[in-house]
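Chain by chain, the residues:
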Amino acid sequence: MSRVIHIVEWVAKVLLWLVLSIVAIVVVPFAVLLANSEGRLPYWARWFETPDALGWDANLYEPSMARIRNKRLRLMIWLGLRNRALGFQYWAGHVWPQRIDSYAGLKRSGRFWRFDYYGAVYFGAGWKSHRAEGAPMLAVPFLTLRFGR
């Protein structure tokens, strides 16, 4: 019975994250226009922030983002397209001290699971590890489909 509950929990959280990901495409540009001087979104829009990379310059470690000079446009792309609704993923996660690594096939870590398929298409589903600076390791729900390698 508890296995069914965990699967239902994952499905519910992933569906809600998918809805928020679509909403982010529309809402994030407006929220970024209202961001404070540090680049933090208004409180009502913090579901869309990346807890491990906050503010105007948090995404500069990625070369593709560093090339974008306009800080508002860069944050809109970072939160509205690249890392949609990651704040929700953190909220929906569970503290889990073990890393859930990505590799081909199915992997289990306690009650958490992760499936990855690598080929012409990448498909990943289950729970993945995330850690914000100074925070515990979390298992967060995810579902990804990517084309190309």
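As shown above, the structure is provided for reference.
In what follows, the accompanying structure is described.

### Section: the nonpolar core
Grouped together as the largest cluster of nonpolar side chains are 20 residues, with contacts concentrated most on Leu 41 and Phe 48. Those elements giving two or more residues to this core turn out to be helix 1 (2-33), helix 3 (71-82) and helix 4 (86-92). In terms of residues, this core owes the most to one element, helix 1, which gives six residues. Aside from chain neighbours lying at most four places away, what touches Leu 41 is Ala 31, Val 32, Ala 35, Arg 46, Phe 48, Glu 49 and Leu 79. Core analysis: the next-biggest nonpolar cluster, separate from the first, contains eight residues, Trp 96, Ile 100, Phe 112 and Trp 127 among them.

### Quick word on the packing of helix 1 against helix 3
Interhelical geometry of helix 1 versus helix 3 gives an angle of 150 degrees and a closest axis separation of 9 Å. Taken together, the axis directions place helix 1 and helix 3 in an arrangement best described as roughly antiparallel. Here helix 1 and helix 3 pass one another in a crossing that is right-handed. The segment helix 1 lies against helix 3, with Ala 24, Ile 25, Val 28, Pro 29, Val 32 and Leu 33 engaging Arg 72, Leu 75, Met 76, Leu 79, Gly 80 and Leu 81. Here the contact of helix 1 with helix 3 is composed, by residue class, of ten nonpolar, one polar and one charged.

Thresholds applied
- Residues numbered from 1 in each chain as written.
- Predicted model: local features only at pLDDT ≥ 70, side-chain atom pairs only at ≥ 80, totals over all residues.
- Heavy atoms only, no water.
- Core = buried A, V, L, I, M, F, W, Y, C linked by side-chain atoms within 4.5 Å.
- Buried < 20%, exposed > 50% of the residue type's maximum accessible area, 1.4 Å probe, protein only.
- Helix = DSSP H or I, 4+ residues; strand = E, 2+ residues; numbered from the N terminus.
- Contact = heavy atoms within 4.5 Å.
- Axes fitted to C-alpha atoms, helices over the stretch in contact; angles between N-to-C directions.
- Parallel < 35°, antiparallel > 145°, perpendicular 65-115°, else oblique.
- Left-handed = near helix turned anticlockwise from the far one by under 90°.
- Nonpolar A, V, L, I, M, F, W, Y, C, P; charged D, E, K, R; others polar.

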